[in-house]
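Descriptive analysis of the structure
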Amino acid sequence: MLKIASNRDMTSGSPLTVLINFTVPLLLGNLLQQTYSIVDAVIVGKFLGINSLAAVGAGTSVITLILGFCTGCCCGFGIPMAQKFGAHDYLTLRRYIFISLKISAVMSIMIAIITSLLCSDILGWMKTPEKIMNKAYIYLLITFLGIPFTFFYNLFSSILRAIGDSRTPFLFLALSTVINILLDLLTILLLDWGVTGAAIATVLSQGISALLCYIYIYRKYDILKGSKHDKKFDLRIARQLLYIGIPMGLQVSIIAIGMIMLQSANNSLGTVYIAAYTSAMRIKIFFVCLLESLGIAMATYSGQNYGAGKPERIWLGIKLALKIVIVYVLILNIIVWSFSKELVLLFIDSSEIDVIEYAALFIRISAIFFIVLGVSFIFRYTIQGVGYTRLALFSGISEMLARTFVSVFAVPIFKFWAICFGDPIAWTFAVLFLLPAFKFVNRKSLLINN
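Summary of the structure given here.

Below, the discussion takes up the overall build of the protein. A count of helical and extended segments in the protein gives 17 helices and zero strands. Its C-alpha atoms give the protein a radius of gyration of 21 Å, near enough to 22 Å, the size a compact globule of 450 residues would have. With respect to the principal axes defined by its C-alpha atoms, the protein has extents near 60 × 50 × 35 Å. Going through the 450 residues of the protein one by one, you find that 59% of them count as buried. By sequence separation, contacts in the protein at least 24 residues apart represent 84% of the contacts at least 6 residues apart. Summing over all exposed atoms, the protein offers an accessible surface of approximately 18,000 Å²; the carbon and sulfur share of this is 69%.

Here it is as structure tokens:
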């Protein structure tokens, strides 16, 4: 018998209440994940200097590409799990879980090996300046070697979210965040390992999160204690998981390809712009956490309600989520336009005037368009939650094409101003695709009563 707390069922009760209860721990977990990056950037920028900060940031986009693919696949694996949980089909749910574990083991090891071998080539393709190449290579290599840790943490988190538990991954991540900070201080300040220490601290912290999640699921729920039949590999189920998971992973990666193009264009502008972009991106990603968390919540919420045969609740959830986005973005813009330079000073010494000015400019322009990003998250994850992951993939292609255009044609003319508008233009292109895509999904699944 599957042990599940009744309050994790998102198919009944107030849509606003279940969304908030699910989103808050997810948001806190995302904020903690970003704290990993922020702690690294603060310590590296303050104690090791601008070149080291640029080295850490030089491979940010490619890290997003690879780790984003892993995270996207895990989220995709969780969608059929959420649907089976909503339908109370616990036998199939267990089989999905066991097969996803086997798939993830193979995929994560293969990805780690391939990316590690390509580190040097990747940094060369991204036009990384020679004076930061060695440090950037070490940071990227260690990050890639830790991919299995990242993959399994996200898989276990996805399993827990599928059954309505977003609180547990947050709690374990909170503990590993503290460990990450302590390891940063030990390896960078005491052992003097430089950017190598920052990378090691992050990877080990992610591994601890994965291990703790596994132990908790194994002891708390019967879903990891199935019969031999449950654990037997089934090619049909594996194909179902990959059919949903791969497009979600590719979507994130395709978006990241556009980001790599943009970062490569920015790298060619020089170290000052790399440092400005790196610090600004840390801040921007931190602020995006609520929007992304709400979107991920909509994927689980939509999946459970779709599996339970309650599509009308999905539309109610969409409307409530959009209202939350509007309020949040308005408040956020007030904060950003009032304190953007103070935020940048968390990463950059006050003497680096040019870096501070460029980073503040990037953050302010991004904040204006966060409303567009929020809309894209809500509709993209909802479409994925009801099983149309391949359709949502095309929104990622739209973003990639937009960033590529900006990188190739706009950056040579408008320099850093074009970099600042690269993401907003990409978000706009995504929404222009997602709105008609949602209408198509509604015709197929009747999410809105006509």
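Inspection of the entire model under this criterion finds 19 aromatic pairs. With a centroid separation of 6.0 Å and 25° between ring planes, the pair formed by W315 and F438 is classed as stacked. Taken as a pair, W315 in helix α13 (residues 311-344) and F438 in helix α17 (residues 416-445) lie far apart in primary sequence, 123 residues in all. Exposure remark for W315: the relative accessible area of 24% places this residue in the partly exposed category. With a centroid separation of 5.0 Å and 70° between ring planes, the pair formed by F379 and F438 is classed as edge-to-face. In this pair, F379 sits in helix α15 (residues 370-385) while F438 sits in helix α17, placing the two residues 59 residues apart along the sequence. We classify F379 as buried; its relative accessible area is 7%. On the basis of relative accessibility, which here comes to 6%, the residue F438 falls in the buried class.

Along the chain, F416 turns up in helix α17. Separated by 151 residues in the primary sequence, F416 and A265 have C-alpha atoms spaced 9.3 Å apart. If we skip the residues at most four places from it in the chain, F416 touches N266, L269, Y273, A276, Y358 and F362.

Right, let's get into the pattern of salt bridges. This structure, assessed with the given rule, holds five salt bridges. D423 serves as the salt-bridge partner of K284, at 2.6 Å between the closest nitrogen and oxygen. Of this pair, K284 sits in helix α12 (residues 271-307) while D423 sits in helix α17, placing them 139 residues apart in sequence. One exposure class covers both K284 and D423, and it is buried. Here K341 makes a salt bridge to E357, at a shortest N to O gap of 2.8 Å. Taken together, the positions of K341 in helix α13 and E357 in helix α14 (residues 353-368) put the pair 16 residues apart, joining distant regions of the chain. Within the structure, one salt-bridge network assembled from shared partners comprises K284, R380, E399, R403 and D423.

Scoring rules and cut-offs
- Residues numbered from 1 in each chain as written.
- Predicted model: local features only at pLDDT ≥ 70, side-chain atom pairs only at ≥ 80, totals over all residues.
- Heavy atoms only, no water.
- Helix = DSSP H or I, 4+ residues; strand = E, 2+ residues; numbered from the N terminus.
- Rg over C-alpha atoms; globule rule 2.2 N^0.38 Å.
- Buried < 20%, exposed > 50% of the residue type's maximum accessible area, 1.4 Å probe, protein only.
- Contact = heavy atoms within 4.5 Å.
- Areas by Shrake-Rupley, 256 points an atom, 1.4 Å probe, with all protein chains shown as cover.
- Phe/Tyr/Trp six-rings, centres within 6.5 Å; stacked < 30°, edge-to-face > 60°.
- Salt bridge = Lys/Arg side-chain N within 4 Å of Asp/Glu carboxyl O.

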